[in-house]
Amino acid sequence: MSKKRVLSGIQPTHDSFHLGNYLGALKQWVELQHDHDAFYCVVDLHALTIETDPKVLQKRILLSAAQLIAIGVDPSKCTLFIQSHVPAHNQLAWVLECITGFGEAGRMTQFKDKSQKGGTDRTNVGLFTYPILQAADILLYQADFVPVGEDQRQHIELTRDLGQRFNSKFNEIFNIPQPQIIKSLAKINDLQDPTAKMSKSASSMAGVIELLDSPEVTLKKFKSSVTDDGKEVKFDEKSKPGISNLLTIHSALSGKSIQDLEGEFSGKGYGDFKAAVAEVVISKLEPIGKRTKELMDDQGELIRILNKGAARANEVATATLKAVYSAIGLV
Ligand code: TYM
């Protein structure tokens, strides 16, 4: 039986990914590559919606690829590539834009949030069509599953709608994908504001654990994390969002159940618990930081890996695009 197809992407908008990216999505990427036909891309075109100095962007694209390999995405087990190396993403996006309603795109909550923050004059059209390019990323590869965090659910829903609309209007070209969202890890929260999602666009990085932070910085961020009233280490998202978030993080990385952790830390204070979470996180992140640095020291090899990924991605993507062009009547 042929393997199920998986596709996912991540934006190179910062020097380092954060723990929310890792636990919500990237950890799944690594697990899924073993028994799926997996395609993973650094979505550099999506990152153009945020103005960035070209030199900085270039470095971040490579740093992103290096971090993915460092966390365990294995280019010999999956197809790892850069979105802009496969022109079919833009080409399919245009076709999909022509079957997307203006109101439909305007209802995307990420667009609404971002455009409200920036104001109309500072909001570019790319931000508006962003989810349609994302739909093209996914549909081109006939993906069955899309491993992501909760914040991407609506974009995957749009992808499904567009795929179904195209299939019924023209021809059954697209496989309709499903989001793969791990409920307990779908929204890792900020350490300073544990009711808000950990995010690269947070106003302060004090509550954002970056994969490339030094152990000292990571320890400091955990030690100063906001906790809740009371003294007990107990999972209760409503009354103890801070402790619950830390329990989720510890459990995901140590493999211990929340219940076992509650037992282990019963009678101990928040201080001990925070130090223990920091230790588990640091022992996971330290080798990732080292490996990323090694990979960045040999960029020639990194680019060779990405070129190989692009060749395979182009094969699959071009075949889908050809079928799409023919279905819509292009000569
Ligand atoms: P991006 O780059 O913002 O985030 C990458 C992945 O990390 C997940 N994530 C989180 N998960 C749990 N808790 C958090 N606090 C947290 N913050 C981020 C995101 O859900 C995502 O899975 N639009 C996408 C990129 C994209 C894409 C695609 C994804 C472009 N094309 C095709 C899947 C398929 C994005 O902005 O992700």
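Fair warning: this is a prediction, and the values are worked out from it, not measured in the lab. (Residues numbered from 1 in each chain as written. Predicted model: local features only at pLDDT ≥ 70, side-chain atom pairs only at ≥ 80, totals over all residues. Heavy atoms only, no water.)

### Brief notes about the overall build of the chain
Turning to step 1, where the next piece is worked out: Each helix and strand in the chain was counted, giving 13 helices and 5 strands.
Turning to step 2, where the next piece is worked out: Over its C-alpha trace the chain gives a radius of gyration of 21 Å, about what one expects of a compact globule, namely 20 Å for 331 residues.
Turning to step 3, where the next piece is worked out: Projected onto its principal axes, the C-alpha coordinates of the chain cover approximately 70 × 45 × 45 Å.
Turning to step 4, where the next piece is worked out: For the chain, the proportion of its 331 residues judged to be buried stands at 52%.
Turning to step 5, where the next piece is worked out: When contacts within the chain are restricted to residue pairs at least 6 apart in sequence, those whose partners lie at least 24 apart make up 75%.
Turning to step 6, where the next piece is worked out: Accessible surface, the chain: about 15900 Å² in total, of which carbon and sulfur atoms supply 52%.
Turning to step 7, where the next piece is worked out: Each charge class in the chain can be summarised by its mean position, and for the 39 positive and 40 negative side chains these summaries are 1 Å apart. (Helix = DSSP H or I, 4+ residues; strand = E, 2+ residues; numbered from the N terminus. Rg over C-alpha atoms; globule rule 2.2 N^0.38 Å. Buried < 20%, exposed > 50% of the residue type's maximum accessible area, 1.4 Å probe, protein only. Contact = heavy atoms within 4.5 Å. Areas by Shrake-Rupley, 256 points an atom, 1.4 Å probe, with all protein chains shown as cover. Lys, Arg positive; Asp, Glu negative; His and termini not counted. Charge placed at Lys NZ, Arg CZ, Asp CG, Glu CD.)

### Here's the deal with the nonpolar core
Turning to step 1, where the next piece is worked out: Counting residues in each nonpolar core, the largest one holds 60 residues, and the members touching the most others are Leu68, Phe222 and Ile249.
Turning to step 2, where the next piece is worked out: At the level of secondary structure, the elements contributing two or more residues to this core comprise strand S1 (5-10), helix H1 (19-32), strand S2 (37-42), helix H3 (54-71), strand S3 (79-82), helix H10 (241-254), helix H12 (270-297) and helix H13 (299-328).
Turning to step 3, where the next piece is worked out: The element that contributes the greatest number of residues to this core is H12, accounting for 11 residues.
Turning to step 4, where the next piece is worked out: Counting only domains with at least three residues in this core, you end up with domain 1 (5-186 + 298-328) and domain 2 (205-292).
Turning to step 5, where the next piece is worked out: Residues Leu7, Leu92, Ala313 and Val316 belong to the second largest nonpolar core, which totals 42 residues. (Core = buried A, V, L, I, M, F, W, Y, C linked by side-chain atoms within 4.5 Å. Domains from an automatic or database assignment.)

### Focus on the domain arrangement of the chain
Turning to step 1, where the next piece is worked out: If you check the domain split of the chain, you get domain 1 (5-186 + 298-328) and domain 2 (205-292).
Turning to step 2, where the next piece is worked out: Each of domain 1 and domain 2 has a C-alpha centre, and these two points are 30 Å apart.
Turning to step 3, where the next piece is worked out: Residue-level contacts link 15 residues of domain 1 with 15 residues of domain 2.
Turning to step 4, where the next piece is worked out: In total, domain 1 and domain 2 occlude about 1300 Å² of area from one another, counting both sides; carbon and sulfur atoms represent 78% of this.
Turning to step 5, where the next piece is worked out: In this structure, the connection of domain 1 to domain 2 is made through 0 salt bridges.
Turning to step 6, where the next piece is worked out: Linking domain 1 with domain 2 are 5 residue pairs in polar contact (both at pLDDT 80 or more).
Turning to step 7, where the next piece is worked out: Looking at the side of domain 1 that touches domain 2, the elements with two or more residues in it are H1 and H3.
Turning to step 8, where the next piece is worked out: Split by residue class, the side of domain 1 that touches domain 2 holds 9 nonpolar, 4 polar and 2 charged. (Buried area = accessible area lost by both parts, 1.4 Å probe. Salt bridge = Lys/Arg side-chain N within 4 Å of Asp/Glu carboxyl O. Polar contact = N/O pair within 3.5 Å; in protein donor to acceptor, adjacent residues only side chain to side chain. Nonpolar A, V, L, I, M, F, W, Y, C, P; charged D, E, K, R; others polar.)

### Comments concerning the environment of Gln11
Turning to step 1, where the next piece is worked out: Inspection of the secondary structure puts Gln11 in the loop between S1 and H1.
Turning to step 2, where the next piece is worked out: In contact with Gln11, other than residues within four places in its own chain, are Phe17, Val43, His46, Ala47, Tyr130 and Lys200.
Turning to step 3, where the next piece is worked out: A polar contact is formed between the side chain of Gln11 and the side chain of Tyr130, at a distance of 3.0 Å.

### Digging into the packing of aromatic side chains
Turning to step 1, where the next piece is worked out: For the structure shown, the criterion picks out 8 aromatic pairs.
Turning to step 2, where the next piece is worked out: What links up through ring pairs into an aromatic cluster is the set Phe39, Phe81 and Tyr141.
Turning to step 3, where the next piece is worked out: It is Lys114 that lies over the ring of Tyr130; its NZ or CZ is 5.6 Å from the centre.
Turning to step 4, where the next piece is worked out: Against the face of Phe265 rests Lys268, its NZ or CZ located 5.5 Å from the ring centre. (Phe/Tyr/Trp six-rings, centres within 6.5 Å; stacked < 30°, edge-to-face > 60°. Lys NZ or Arg CZ within 6 Å of the ring centre and 35° of its normal.)

### Section: the site of the ligand
Turning to step 1, where the next piece is worked out: Around the ligand lies a shell of 28 residues, among which Tyr130, Asp137, Gly149, Asp151 and Ile188 are the nearest.
Turning to step 2, where the next piece is worked out: Ile188 places a main-chain nitrogen or oxygen 2.8 Å from a nitrogen atom of the ligand.
Turning to step 3, where the next piece is worked out: Considered on its own, the ligand offers 720 Å² of accessible surface; in the complex 97% of this is hidden by protein.
Turning to step 4, where the next piece is worked out: Secondary structure elements with two or more residues in the shell around the ligand: S1, H1 and helix H7 (125-140).
Turning to step 5, where the next piece is worked out: The class makeup of the residues in the shell around the ligand is 12 nonpolar, 11 polar and 5 charged. (Near = heavy atom within 4 Å.)

### A few points about the packing of H3 against H13
Turning to step 1, where the next piece is worked out: Two numbers describe how H3 lies on H13: the axes approach to 11 Å, and their chain directions differ by 80°. As judged from the angle between their axes, H3 and H13 are roughly perpendicular. Here H3 contributes Leu62, Ala65, Ala66 and Ile69 to the contact with H13, which in turn contributes Gln299, Leu302, Ile303, Ile305 and Leu306.
Turning to step 2, where the next piece is worked out: Of the residues contributing to the contact of H3 with H13, the split by class is 8 nonpolar, 1 polar and no charged. (Axes fitted to C-alpha atoms, helices over the stretch in contact; angles between N-to-C directions. Parallel < 35°, antiparallel > 145°, perpendicular 65-115°, else oblique.)

### Notes on the pairing of S3
Every regular strand shows the same layout, with side chains that alternate between the two sheet faces.
Turning to step 1, where the next piece is worked out: Residues Thr79 and Phe81 point to one face of S3 and Leu80 and Ile82 to the other, with burial holding for every one of them.
Turning to step 2, where the next piece is worked out: Relative to S3, S2 runs parallel, the two being bridged by 4 bridges. Paired with Phe39 across the strands is Thr79, a residue of S3. (Pairing = 2+ DSSP bridges.)

### What to know about the pattern of salt bridges
Turning to step 1, where the next piece is worked out: According to the stated counting rule, one finds 15 salt bridges in the structure shown.
Turning to step 2, where the next piece is worked out: In this structure, the salt-bridge partner of Asp37 is Arg312, at a minimum N-O distance of 3.4 Å. One end of the pair, Asp37, is in strand S2; the other, Arg312, is in helix H13, and 275 residues separate them in sequence.
Turning to step 3, where the next piece is worked out: Here Arg312 falls in the partly exposed class, since its relative accessible area comes to 32%.
Turning to step 4, where the next piece is worked out: Among the ionic pairs, Arg304 bridges to Glu301, the shortest N-O distance being 3.2 Å. One end of the pair is Arg304 and the other is Glu301, both in helix H13 and 3 residues apart, which spans about a single turn.
Turning to step 5, where the next piece is worked out: Using a relative accessible area of 52% as the deciding quantity, one classes Arg304 as exposed.
Turning to step 6, where the next piece is worked out: Connected through shared salt-bridge partners, Arg5, Asp37 and Arg312 make up one network.

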